[in-house]
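Residues per chain, in single letters:
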Amino acid sequence: MTLLRPLIADVDAELREVPLVADDGVALGLTRFRRGPSDRSVLLVHGLTTSTDMFVMPEHDNLVESLLDAGWGDVWSVDWRGSFRLPYNTDARGFNVDDVALYDLPAALAAVRRHNGGRPVAVIAHCVGALALSMTIAAKLAGPLAGVVANSTFLTPNLSEQSRLKLSLLPAVLDRILPEGYIPMDLAQVGLLSRRGALFALAAAGSSCKDPTCQMISFAWGSTLGVGADAGGSALYEHRNLHPATHARLRELFGPAPLSFYPHLRKMASERAVVRCDVADARYDRLPRSALDTLDDWDTPLLFVNGVLNRVWTGSLALCHGYLADRHPDIDVTLIEIPGYGHQDIFIGRAAALDVFPRMISWLDERAPGRP
Ligand SMILES: [Zn+2]
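Since this is a predicted model, take the numbers as computed values, not measurements. (Residues numbered from 1 in each chain as written. Predicted model: local features only at pLDDT ≥ 70, side-chain atom pairs only at ≥ 80, totals over all residues.)

K.L.:
Can you break down the overall build of the chain residue by residue, with the values?
P.N.:
Helix and strand counts for the chain stand at 14 helices and 11 strands. For 372 residues, the compact-globule estimate of 2.2 N^0.38 gives 21 Å, and the chain sits close to it at 19 Å. For the chain, the C-alpha atoms occupy an extent of roughly 60 × 45 × 40 Å along the three principal directions. Counting over 372 residues, the chain shows a buried share of 52%. Once local pairs closer than 6 in sequence are excluded, the contacts in the chain between residues at least 24 apart make up 76%. (Helix = DSSP H or I, 4+ residues; strand = E, 2+ residues; numbered from the N terminus. Rg over C-alpha atoms; globule rule 2.2 N^0.38 Å. Buried ≥ 20, exposed ≤ 12 C-beta atoms within 10 Å, placed from the backbone. Contact = placed C-beta atoms within 7 Å.)

What follows is the structure, given as structure tokens:
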């Protein structure tokens, strides 16, 4: 078993880990949650350095429980190679989003269909998982999908100015002081007096939160400047939206950030499009140069969910919604903005089961398999 640890979960369902190997031979994780027979299958796709844990949190009602309660009785979650439950973010292989789009997500979707009789699958995807999924669909590698719910970004990534600056500067600086190739998230594992511990002191500058992992998450991924009651707090979520138990165990939810992804994300942000990392690398020739190149025959319904206080992919989904409405009006796309929420609390917020999940599920219900 490649998975490093079991899920920290509270879900009233039969839970089974299904073996999954990507097409390039990398072992992944795939978990199935069932409450008896169901013709409604949905696959959950986490973000970079998080894991299936973000969908099954025991301290509050979670997404998997909400889906099962609503009649989506066949819920799957893939731990793709950027998962905190897998070892690849801290080894030296150097993956990027193209690997996820070409190898991981097609394998996961094919596995779900092998078990559900080949029916279309709905997908709920977050952040880098959503970017990769957009490329998988654009490359015609996803197979039939009932619909896609994307949080924070999709097809047209757009970063805040501070995040863009970080993506430009961080790898060059950190390559010298972090030859391991990743940003640690758990101070207890590196020690305050170590070379990597000094990075935590840097991350603490300007933060109004005292938690080292919380500080480092913002340092690695986003902007703490600016808006809302949480200015100076966290780039990824509104503190007031997190259950205290969630904030106390952030080190279980956010793993080390691999620097190998940064150049590709920087390229996408500068082009404001999901593009291949290296078009000269023939291994990825099944992917288009840009996911925007193949939209003429796109037939997957899309729901974009964006926290109004999103400080990572700022305005990314509004940009994408406008682009599709203007250039491809035949595509079924809906944008909903969730007030009071940021980037990650859309899923890990303690009241997300009240404020967010019902809106995702009602949209999925309208596109459910078997619906007249
Ligand atoms: Zn905090």
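K.L.:
So what's going on with helix α6 (residues 195-204)? Which residues, and what values?
P.N.:
When α6 is considered as a whole, its buried residues turn out to be L199, F200 and A203. All buried residues of α6 project into a common sector of 105 degrees when viewed along the axis, lining one side. Counted as exposed and oriented over 90 degrees from the buried face of α6: R195, A201 and L202. Tucked into the core, α6 has its buried residues touching α5 (187-190) and α7 (212-221). (Arc of directions from axis to C-beta.)

K.L.:
Outline the pairing of strand β11 (residues 333-338), supporting the account with residue identities and numerical values.
P.N.:
Along any regular strand, the residues point their side chains to alternate faces of the sheet. Pairing analysis gives 6 bridges linking strand β10 (residues 302-307) to β11, with the strands arranged parallel. Along β11, the bridge assignment pairs L303 with T334. Crossover β10 to β11 through helix α11 (residues 316-327) is right-handed. (Pairing = 2+ DSSP bridges. Right-handed = clockwise from strand over helix to strand, strands pointing away.)

K.L.:
Can you lay out unusual backbone geometry for me, pointing to particular residues and giving the numbers?
P.N.:
One non-glycine residue with positive phi stands out, namely T49, at about 75 degrees. Along the polypeptide, T49 turns up in the loop between β4 (41-45) and α1 (63-69). The phi dihedral of L155 is positive, around 65 degrees, even though this residue is not glycine. Structurally, L155 can be placed in the loop between β7 (145-151) and α4 (161-177).

K.L.:
Account for the UniProt feature "domain: AB hydrolase-1" (unreviewed entry) in the chain, naming residues and giving values.
P.N.:
According to UniProt, the feature "domain: AB hydrolase-1" (unreviewed entry) maps to residues 42-157 in the numbering used here. Spanning residues 42-157, this segment combines 32% helix with 20% strand, and its end C-alpha atoms are found 24 Å apart. (UniProt positions renumbered as here; feature names shortened; annotations may be inferred.)

K.L.:
Go over α4 with me, naming the residues and quoting the values.
P.N.:
In a regular helix each residue adds 1.5 Å, so 17 residues correspond to 24 Å; α4 covers 24 Å between its end C-alpha atoms and thus fits that length. L170 marks where α4 bends most, by close to 35 degrees; the proline P171 follows one to four residues later. Residues of α4 that are buried include every one of S163, K166 and L167, and no others. Check the buried side of α4 and you find it contacts α10 (262-271). (Expected span 1.5 Å × (residues − 1). Bend = angle between axes of the 7 residues up to and from the residue.)

K.L.:
So, the packing of α4 against α10: which residues are in play, and what are the values?
P.N.:
The interhelical angle for the contact between α4 and α10, taken along N-to-C directions, is 145 degrees, at an axis separation of 10 Å. Crossing handedness for the pair α4 and α10: left-handed. Mapping the contact onto sequence places R164, L167, S168, L170 and P171 in α4 and Y262, P263, L265, R266 and A269 in α10. Classifying every residue of the contact of α4 with α10 gives 7 nonpolar, 1 polar and 2 charged. (Axes fitted to C-alpha atoms, helices over the stretch in contact; angles between N-to-C directions. Left-handed = near helix turned anticlockwise from the far one by under 90°. Nonpolar A, V, L, I, M, F, W, Y, C, P; charged D, E, K, R; others polar.)

K.L.:
Just give me the short version of the environment of P6, but keep the residues and values in it.
P.N.:
For P6, the position within the fold is in the segment before β1 (14-17). When the C-alpha atoms of P6 and R85 are compared, they prove to be 8.2 Å apart, with 79 residues separating the residues in sequence.

K.L.:
Go over the domain arrangement of the chain with me, naming the residues and quoting the values.
P.N.:
Parsing the chain into structural domains produces domain 1 (14-159 + 272-366) and domain 2 (161-261). Taken over C-alpha atoms, the centre of domain 1 sits 24 Å from the centre of domain 2. Of the residues lining the interface, 30 residues belong to domain 1; the matching set on domain 2 comes to 30 residues. Considering only residue class, the side of domain 1 that touches domain 2 consists of 13 nonpolar, 12 polar and 5 charged. (Domains from an automatic or database assignment.)

K.L.:
Could you give an account of the packing of helix α2 (residues 97-115) against helix α3 (residues 128-138), with specific residues and numbers?
P.N.:
In the contact formed by α2 and α3, the axes pass within 8 Å of each other and the chain directions differ by 70 degrees. On the basis of their axis angle, the class for α2 and α3 is roughly perpendicular. Contacts between α2 and α3 pair V97, V100, A101, L105 and P106 from the former with V128, L131, A132, L133, M135 and T136 from the latter. Grouping the amino acids of the contact of α2 with α3 by side-chain chemistry returns 10 nonpolar, 1 polar and no charged. (Parallel < 35°, antiparallel > 145°, perpendicular 65-115°, else oblique.)

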